[in-house]
Amino acid sequence: MTLEIFWKLAEAGIDRRRGEWGADARPWAPAADARSRDRQINHYDYLAQIARAAELTGFDGLLIPDDPDGEEPWIVTSALVRETRRLKIATAVVPGSASAVYHAKMAASVERFSGGRQIWAIDLTRDAAVRAREGDFAIKADLLPRAEELVTLARGIWGDGPHDQEGRFFLVEKGALGSLAAHWSFPELWMLGGNADAATLGDVHFPAQGTAGGASVTILARETQADVDAELARLSLPADAVIGTYDDVAQQLAVLVGTGVTRLVLNAGDQIREVHIAGEQILPRLRQLLSGADRAAA
Amino acid sequence: MSIDFYWRIPTHGCSSSIRQRNSNRGDWSPLAPGNQAPGLRDGAPDGTSYIDHMAEIARAAEISGFVGGLLPSFPMTDDPWVISAALARATKAFRFMIAFQPGFLSPVRAARMSASLQRATNGRVVYNIITGGGGPAQRWWGDSFDHDDRYDRTTEFLDVLKGVWKQAPFDHKGRFYEVAGGGLPEALAREDIPTIYFSGSSEAALQSAAQHADYYLSWLEPFEQLRAKFAQVKARTAELGRGIKCAIRVEVIARPTEEEAWREVEIGFANVAAETRGSFGRQGGDSVGVHRLAGIGADSARDYRDLIVSPNVWGGFSLLRPGPALGLVGSYENVAARLDELIDLGADSFILAATPHLEEAYRVGEEVLPLLGSRAPRLAAA
């Protein structure tokens, strides 16, 4: 697999409030009358802007996570399909949230509308409390078998079938997406979270701790160390965040990629600013380092 | 009282003419004379796709004064949620009426998808909740419940959907669903729960509709049959505690003169081989509505006139394209008069459709709707 670099549409703080609509965020906005909202700016204008920024600054794709406190990823995915031209879109797929047929059907439309740019990122990161709030009472030991059933069924109906499957979690009779899936291959499959067994199910594994073929990291990159220090004084970052000057961060990411990472996912808060820093400052440096390493190896 | 007029987005391709039964608009068949094939110009993906044509239909509908459009969902169609979100930013006022069955999604997920979509569209989501069907088709979708069970499940599904949306933290332990402390993120919970169009003719359906639905949606049926049905629906749901409005899906062929309209039917009918008429008239499943229409007899007709049910009402539409058997055929004045009659017998809202959906949205919006009586809406406000 050739290295591909993604931006993660992870939102908190200031990102959540941008283009937001509501009494708290924009006191001058009209009252909650659906008609008065026609033609108004909303949060999806901001999401589209991040996606386009990622595309313009050279990212290969976008990861749309399923944050229980955020937007629903199938809706975000679909809303961004026509806002972008070449970006791949990795959509978090939560197996307990829909029938397997319906997951596959939504995926087929996304593939068609995007020209085959979709990736499935099966989300195994949700803990029992989050799942219960979402109406999902599957026990932990069943999460991977359920994901396996989902993938088997979705692949089975991707085409002319007919595919029969009656599992513990999903069923289908004479299933086939037929012309819906014709011309498009089944999406690349990422596994978010889960143990080593999860790795065997997908094309790329993002382990809960550390990295494998997939690595998802928060970055903080600034021109000088003084700039970095100034930001650090204001921010609290995850312990495994990659921090430093542009050159430092590119160097650290190159080392990470050298461990076998093929899907590198970056994120940082205040996204419209950070996606430009990452795209303009880090990606070119990183690609330069990696092609240099290739030449050295050759 | 104002009447809402919706259009329909064909979700499995469209045809350039009602005279030919095909889906030649869209990437469903290769490019050929009389056809367009977005996405597959030289047999390979070209960067456009059928969503781009659906966007044009939605824009034509909103330009022509329709409040929105129904997005039907069948096994071979594109998905209404994906279509709606993809078109949210391509349209301004168009409401997305999403057809879906409770068996497709968990109710908590459905609430979250809906609220996100309300945010993406600035509050333009409408539901068309479908419960009927059954049999092998239902198992195709991965769903195995029986008919009456499915209406119980629809009721419970909507209980949970509304509960997590507006009564967080929401706990529920029912026959079909369980939730502990469910809710939506605050910004999503502020959104309005979509207006609910509800389909289903059985007593089980009406019990469910009375609890949750805003509109009872029927296919076009013989007018007196519809009058009786709407009266019963309104009375029964009022008895059950919450009266609902009625809506009709109506396919139309409207032309400057009645003769021109019937010529479309005559040619379309002649283009369907006699031996295939039977299969086009029928649909599977255990839906009461489907059985109610089975007596029309498209398969035995030798002449298109055999299928005229009443003035301007033709029962052979299922021969010309997939969907309901009955539709309206006539001059602009004829069709407007029939729609006025339907309003008089209890219709509060319509989902209209005509093939090709893009050009006909303009024709129906410009030529037919302005002729409706004073109870119809002033379209400029839409």
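Residues numbered from 1 in each chain as written. Chains lettered and ligands numbered in written order. Predicted model: local features only at pLDDT ≥ 70, side-chain atom pairs only at ≥ 80, totals over all residues.

**As for the overall build of chain B**
Moving on, step 1. In terms of regular secondary structure, chain B is built from 14 helices and 13 strands.
Moving on, step 2. For chain B, long-range pairs separated by at least 24 residues make up 68% of all intrachain contacts whose partners lie at least 6 apart in sequence. (Helix = DSSP H or I, 4+ residues; strand = E, 2+ residues; numbered from the N terminus. Contact = placed C-beta atoms within 7 Å.)

**A short note on the packing of helix H3 (residues 73-81) of chain A against helix H2 (residues 80-87) of chain B**
Moving on, step 1. At a minimum axis distance of 7 Å, the contact between H3 of chain A and H2 of chain B shows a crossing angle of 50°. Judged by the inter-axis angle, H3 of chain A sits oblique to H2 of chain B. Crossing geometry of H3 of chain A relative to H2 of chain B is assigned as right-handed. Counting all contacts with H3 of chain A, which are made through Trp-74, Ile-75, Ser-78, Ala-79 and Val-81 of chain A, the residues of H2 of chain B involved are Trp-81, Val-82, Ala-85 and Ala-86 of chain B.
Moving on, step 2. Class assignment of the residues belonging to the contact of H3 of chain A with H2 of chain B gives a composition of eight nonpolar, one polar and no charged. (Axes fitted to C-alpha atoms, helices over the stretch in contact; angles between N-to-C directions. Parallel < 35°, antiparallel > 145°, perpendicular 65-115°, else oblique. Left-handed = near helix turned anticlockwise from the far one by under 90°. Nonpolar A, V, L, I, M, F, W, Y, C, P; charged D, E, K, R; others polar.)

**Observations regarding the environment of Ala-138 of chain A**
Residues and elements named next belong to chain A.
Moving on, step 1. For Ala-138, the location among the structural elements is in the loop between helix H5 (128-133) and helix H6 (140-157).
Moving on, step 2. Given 16 C-beta atoms within a 10 Å radius, Ala-138 is considered partly exposed.
Moving on, step 3. Ala-138 sits 31 residues away from Phe-169 along the chain, and the two C-alpha atoms are 9.5 Å apart.
Moving on, step 4. Filtering out sequence-adjacent residues up to four positions away, Ala-138 remains in contact with Gly-96, Arg-131, Leu-143 and Arg-146. (Buried ≥ 20, exposed ≤ 12 C-beta atoms within 10 Å, placed from the backbone.)

**As for the pairing of strand E3 (residues 88-93) of chain A**
Residues and elements named next belong to chain A.
Moving on, step 1. Most of E3 sits inside the fold, with six of its six residues counted as buried.
Moving on, step 2. Looking at chain direction, strand E2 (residues 61-64) and E3 are connected through four bridges and run parallel. Within E3, the position partnered with Ile-64 by the bridge is Thr-91.
Moving on, step 3. On the question of chirality, the crossover connecting E2 to the parallel E3 by way of H3 is right-handed.
Moving on, step 4. Pairing geometry for E3 and strand E4 (residues 118-123), over five bridges, is parallel. Across the sheet, residue Thr-91 finds its bridge partner in E4, namely Trp-120.
Moving on, step 5. For the crossover from E3 across helix H4 (residues 100-114) to E4, the handedness is right-handed. (Pairing = 2+ DSSP bridges. Right-handed = clockwise from strand over helix to strand, strands pointing away.)

**What about the confidence of the model for chain B?**
All names here are of chain B.
Moving on, step 1. Residue-level pLDDT values for chain B average 88, and 89% of them are 70 or greater.
Moving on, step 2. Every residue in residues 283-287 is under pLDDT 50, and counting partners more than four places away or in other chains gives 16 contacts.
Moving on, step 3. Interface confidence for the predicted complex, expressed as ipTM, amounts to 0.92; the pTM equals 0.93. (pLDDT = per-residue confidence, 0-100.)

**Details of the interface of chain A and chain B**
Moving on, step 1. Tallying the contact residues gives 51 residues for chain A and 52 residues for chain B.
Moving on, step 2. At the level of secondary structure, the elements contributing two or more residues to the side of chain A that touches chain B comprise helix H2 (43-56), H3, H4, H5 and strand E6 (171-175) of chain A.
Moving on, step 3. In terms of residue count, H4 of chain A provides more of the side of chain A that touches chain B than any other element does, nine residues in total.

**Some points on the nonpolar core**
If you look at soluble globular proteins, the nonpolar side chains tend to sit buried side by side.
Moving on, step 1. Membership of the largest hydrophobic core comes to 193 residues, with the highest contact counts inside it found for Leu-62, Ala-121, Ile-122 and Trp-190 of chain A together with Tyr-216, Ala-247 and Phe-350 of chain B.
Moving on, step 2. With nine residues, H4 of chain A is the single largest residue contributor to this core.
Moving on, step 3. Residues in contact with Ile-122 of chain A, not counting those within four places in the same chain, are Val-93, Pro-95, Ala-147, Leu-189, Trp-190, Met-191, Leu-192 and Gly-202 of chain A. (Core = buried A, V, L, I, M, F, W, Y, C linked by C-beta atoms within 7 Å.)

**With respect to the pairing of strand E9 (residues 245-255) of chain B**
Residue and element names in this part refer to chain B.
Moving on, step 1. A large share of E9 lies buried, amounting to 10 of its 11 residues.
Moving on, step 2. Bridge analysis of strand E8 (residues 215-219) against E9 gives five bridges, and the strand direction is parallel. From the neighbouring strand, Leu-217 faces E9, where its bridge partner is Ala-247.
Moving on, step 3. This β-α-β element, E8 to helix H8 (residues 223-239) to E9, shows right-handed connectivity.
Moving on, step 4. Inspection of the sheet shows E9 paired to strand E13 (residues 349-353) by five bridges, in the parallel sense. Opposite Val-250, over in E13, you have Leu-352 as the bridge partner.
Moving on, step 5. Taken together, the five bridges between E9 and strand E12 (residues 327-331) define a ladder with parallel strand orientation. Paired with Ala-254 across the strands is Gly-330, a residue of E12.

**A short note on the packing of H4 of chain A against H6 of chain A**
Residue and element names in this part refer to chain A.
Moving on, step 1. Interaxial distance between H4 and H6 falls to 9 Å at its minimum, and their mutual angle equals 55°. The pairing of H4 with H6 is recorded here as oblique in orientation. The handedness of the crossing between H4 and H6 is right-handed. Taken together, the residues of H6 that come into contact with H4 (itself represented by Ala-100, Val-101, His-103 and Ala-104) are Glu-149, Leu-150, Leu-153, Ala-154 and Ile-157.

**Some details on the sheet that holds strand E11 (residues 263-267) of chain A**
All names here are of chain A.
Moving on, step 1. One open sheet holds the nine strands; their spatial order is E8-E7-E4-E3-E2-E1-E11-E9-E10, and the pairing between them is parallel. The open sheet terminates on both sides in strands that have one partner only, identified here as strand E8 (204-206) and strand E10 (242-245). With strand direction ignored, the average angle separating the axes of adjacent strands in the sheet is 30°.
Moving on, step 2. Against the sheet, H3 contacts E2 and E3, and its axis sits at roughly 165° relative to E3.

**With respect to unusual backbone geometry**
Moving on, step 1. A cis amide bond links Gly-161 of chain A with the next residue in sequence, Pro-162 of chain A, at an omega value of -10°.
Moving on, step 2. For Pro-162 of chain A, the position within the fold is in the loop between H6 and strand E5 (163-166).
Moving on, step 3. Omega for the peptide link from Ala-168 of chain B to Pro-169 of chain B comes to -5°, which places this bond in the cis form.
Moving on, step 4. Positionally, Pro-169 of chain B belongs in the loop between helix H5 (147-166) and strand E5 (170-173).
Moving on, step 5. Of note in the backbone geometry, Asp-270 of chain A takes a positive phi value of approximately 55° without being a glycine.
Moving on, step 6. One can find Asp-270 of chain A in the loop between E11 and helix H10 (271-297).
Moving on, step 7. Overall, Asp-270 of chain A belongs to the partly exposed group, with 14 C-beta atoms counted inside 10 Å.
Moving on, step 8. Here Asn-312 of chain B, not a glycine, exhibits a phi torsion of approximately 70°, which is positive.
Moving on, step 9. Within the element layout of this structure, Asn-312 of chain B appears in the loop between strand E10 (308-310) and strand E11 (313-314).

**A look at helix H7 (residues 203-212) of chain B**
Moving on, step 1. Burial runs high along H7 of chain B: seven of the 10 residues are buried.
Moving on, step 2. For H7 of chain B, every residue scored as buried is listed here: Ala-204, Ala-205, Leu-206, Ser-208, Ala-209, Ala-210 and His-212 of chain B.

**Notes on the confidence of the model for chain A**
Moving on, step 1. On average, chain A scores 91 in pLDDT, and the residues at 70 or more come to 93%.
Moving on, step 2. Segment residues 25-36 of chain A is flagged for pLDDT under 50; beyond a separation of four residues in sequence, or across chains, it makes nine contacts in the model.

**Here's the deal with H2 of chain A**
Moving on, step 1. Between its terminal C-alpha atoms H2 of chain A stretches 20 Å, which fits the 20 Å expected from 14 residues at 1.5 Å a residue.
Moving on, step 2. Among the residues of H2 of chain A, those classed as buried are His-43, Tyr-44, Leu-47, Ile-50, Ala-51, Ala-54 and Glu-55 of chain A. Buried residues along H2 of chain A cover an arc of 140° about the axis, so they all sit on one side.
Moving on, step 3. Where H2 of chain A is buried, its residues contact strand E1 (4-8), E2, H3 and H10 of chain A together with helix H3 (107-121) of chain B.
Moving on, step 4. Positive phi appears at Gly-58 of chain A, one or two residues downstream of H2 of chain A, with a value of about 100°. (Expected span 1.5 Å × (residues − 1). Arc of directions from axis to C-beta.)

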